[in-house]
Amino acid sequence: MLIAVGTLFSVVGLIVAGMSVSFLRDAERAPGKVVALEWRDEHLGTSRRNRTDDRPSAYPVVEFTSADGTHRTFRSSTGSNPPAYEEGERVEVLYRADSPEDARIDGFLSLWLLPMIFGGIGLVLAGVGTGVALATRRRSR
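Quick summary incoming for the structure in this document. (Residues numbered from 1 in each chain as written. Predicted model: local features only at pLDDT ≥ 70, side-chain atom pairs only at ≥ 80, totals over all residues. Heavy atoms only, no water.)

### A few points about the sheet that holds strand 3 (residues 71-75)
Adjacent strands of a sheet form backbone hydrogen bonds with each other and so pair up, either parallel or antiparallel.
Line of reasoning, step 1. Sheet architecture is open: 5 strands sit in the order 3-2-1-4-5, paired in antiparallel fashion. On the outer flanks of this sheet lie strand 3 and strand 5 (99-105), each paired with one strand and no other. Neighbouring strand axes in the sheet, compared pairwise and without regard to direction, differ in orientation by 40° on average.
Line of reasoning, step 2. In this sheet, strand 2 (residues 57-65) lies alongside strand 1 (residues 27-40) in antiparallel orientation, the contact comprising 8 bridges. In the sheet register, L37 faces strand 2, and the bridge partner there is P60.
Line of reasoning, step 3. Helix 1 (residues 2-26) rests against strand 1, strand 4 (90-96) and strand 5 of the sheet, and its axis sits at about 95° to strand 4. (Pairing = 2+ DSSP bridges. Helix = DSSP H or I, 4+ residues; strand = E, 2+ residues; numbered from the N terminus. Axes fitted to C-alpha atoms, helices over the stretch in contact; angles between N-to-C directions. Contact = heavy atoms within 4.5 Å.)

What follows is the structure, encoded as structure tokens:
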């Protein structure tokens, strides 16, 4: 069972990584500026007593001008505490020319966090499952 779940997580990680690679291949670049930090308290359905960290996360709000001259603003989908960016900080923005509302900060977290989480969990689960299966098989001989 662990091998199957681990494999599923690894496949999801590879798919999300492929999406990031595809995004990078087609992305336009523009200079941007962090104009605000949006603090959000998101706990993904965990109850208050099960939380280990009640601190909110800071999501940078970034302004940039796309190649067509349109002034645009977006909120990063990746937040952190402590904040990864400061108000007023200059950042490189990646966006799709045919869909400029799909913009991201050119940074490790915004591009690779999800693939690493899914891929890492998948590899650990598949590895543990394989180890248990091999140990069980040796004992049954």
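### Some details on the pairing of strand 1
Line of reasoning, step 1. The pairing of strand 1 with strand 4 spans 7 bridges and is antiparallel. The partner of A30 across the bridge, within strand 4, is V93.

### Points about the nonpolar core
Line of reasoning, step 1. Core analysis: the largest hydrophobic core is formed by 13 residues, its most contacted members being V62, F64, F74, V91 and V93.
Line of reasoning, step 2. When residues of this core are traced back to their parent elements, those giving at least two are strand 1, strand 2, strand 4 and strand 5.
Line of reasoning, step 3. Excluding its chain neighbours within four sequence positions, the residues that come into contact with V93 are E28, R29, A30, G32, V62, F64, F74, A103 and R104. (Core = buried A, V, L, I, M, F, W, Y, C linked by side-chain atoms within 4.5 Å. Buried < 20%, exposed > 50% of the residue type's maximum accessible area, 1.4 Å probe, protein only.)

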